[in-house]
Amino acid sequence: AAGVIQSPRHLIKEKRETATLKCYPIPRHDTVYWYQQGPGQDPQFLISFYEKMQSDKGSIPDRFSAQQFSDYHSELNMSSLELGDSALYFCASSLWTSVLNTGELFFGEGSRLTVL
Amino acid sequence: GQQLNQSPQSMFIQEGEDVSMNCTSSSIFNTWLWYKQDPGEGPVLLIALYKAGELTSNGRLTAQFGITRKDSFLNISASIPSDVGIYFCAGTPEQGAQKLVFGQGTRLTINP
């Protein structure tokens, strides 16, 4: 079965550069979530989208922005990168109705961002 | 608030031993889920709990949704080497039920 696809899997950037992460949800899933996981930390919710509209916002810095496109894929744009942005960034997808009823999310394998 | 407190943070056990970990919160949660994360991978769902008091098993895994809706535990029986990893509890809070909040994780190490 198709899973959540994230790209790139690994990304190395320097401070003050920009980076874009992409997420392709499981087919027919209408909801996308972005999480940030620092070394040894639990995943922290950044932002979510339902039907191309932002549905919730967590601890996403103002330097970051995200959107969900008409084909339901999502992109996380990060500007003015800082050393502390180095982390694993996970995308998860689900059906909105499933999230409300069960909370179940399907996670991608993550994109590891290293800021030097 | 909606923070989940998961314990223990780490466990070092012998192969074949049983494992128990739990999660608590000061807030009420509508669902509790337990995920396992292998190094460099995304979390994978192990067990989902939807009703207070619910006890659910998945092979050697057993989890319960606390009756107060503020806690959950996960038990692993007869541990095997492939059980190594980080286990996260997660839940959808009663307030803001459309997002998943994670516990801090329990890192399980097994000595053969």
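Being a predicted model, the structure only gives us computed values, none of them experimental.

**As for the overall build of chain B**
Summing up its helical and strand segments, chain B has 0 helices and 11 strands in all. Going from N to C terminus, chain B has its helices and strands arranged as β-β-β-β-β-β-β-β-β-β-β. Relative to the compact-globule value of 13 Å for 112 residues, chain B shows a C-alpha radius of gyration of 13 Å, a close match. Taken along the three principal axes of its C-alpha coordinates, chain B extends 45 × 30 × 20 Å. Burial status across chain B gives 46% buried among its 112 residues. Restricting to contacts in chain B with at least 6 residues of sequence separation, those with at least 24 account for 55%.

**A look at the interface of chain B and chain A**
Tallying the contact residues gives 19 residues for chain B and 23 residues for chain A. Taken together, both faces of the contact between chain B and chain A bury some 1,700 Å²; the carbon and sulfur share is 55%. Put simply, chain B and chain A have 0 salt bridges between them. If you look at where chain B meets chain A, you find 4 residue pairs in polar contact (both at pLDDT 80 or more). Elements that contribute at least two residues to the side of chain B that touches chain A include exactly β4 (29–37) and β9 (85–93) of chain B. The element best represented in the side of chain B that touches chain A is β4 of chain B, accounting for 4 residues. Classifying every residue of the side of chain B that touches chain A gives 9 nonpolar, 8 polar and 2 charged.

**With respect to the state of the cysteines**
Residues and elements named next belong to chain A. Considering all chains together, one arrives at 2 disulfides over all chains under this definition. Shown here is the disulfide that connects C23 with C91, its sulfur atoms set 1.7 Å apart. The chirality of the disulfide connecting C23 with C91 is left-handed, given an S-S dihedral of about -55°. Placement of the pair is C23 in strand β3 (residues 19–24) and C91 in strand β9 (residues 87–94), with a sequence separation of 68 residues. Look at C23 and you get buried, because its relative accessible area is 0%. Residue C91 is classed as buried on the basis of its relative accessible area, which comes to 0%.

**Some details on the environment of G40 of chain B**
Looking at where G40 of chain B falls in the secondary structure, it is placed in the loop between β4 and β5 (44–49). Among the residues examined, G40 of chain B registers a relative accessible area of 28% and is labelled partly exposed. When neighbours within four sequence positions are excluded, G40 of chain B is seen to be in contact with R9, E109 and R112 of chain A.

**Section: the sheet that holds strand β8 (residues 74–78) of chain A**
Residues and elements named next belong to chain A. Pairing is antiparallel in the open sheet, where 4 strands are placed in the order β1-β3-β8-β7. Across the chains shown, the open sheet's two edge strands, defined by having one partner strand only, are β1 (5–7) and β7 (64–68). Neighbour to neighbour, the strand axes of the sheet diverge by 15° on average, direction disregarded. Pairing of β3 with β8 involves 5 bridges; the strand directions are antiparallel. Pairing of C23 across the sheet is with S74, part of β8.

Criteria and cut-off values
Residues numbered from 1 in each chain as written. Chains lettered and ligands numbered in written order. Predicted model: local features only at pLDDT ≥ 70, side-chain atom pairs only at ≥ 80, totals over all residues. Heavy atoms only, no water. Helix = DSSP H or I, 4+ residues; strand = E, 2+ residues; numbered from the N terminus. Rg over C-alpha atoms; globule rule 2.2 N^0.38 Å. Buried < 20%, exposed > 50% of the residue type's maximum accessible area, 1.4 Å probe, protein only. Contact = heavy atoms within 4.5 Å. Buried area = accessible area lost by both parts, 1.4 Å probe. Salt bridge = Lys/Arg side-chain N within 4 Å of Asp/Glu carboxyl O. Polar contact = N/O pair within 3.5 Å; in protein donor to acceptor, adjacent residues only side chain to side chain. Nonpolar A, V, L, I, M, F, W, Y, C, P; charged D, E, K, R; others polar. Disulfide = S-S within 2.5 Å. Pairing = 2+ DSSP bridges. Axes fitted to C-alpha atoms, helices over the stretch in contact; angles between N-to-C directions.

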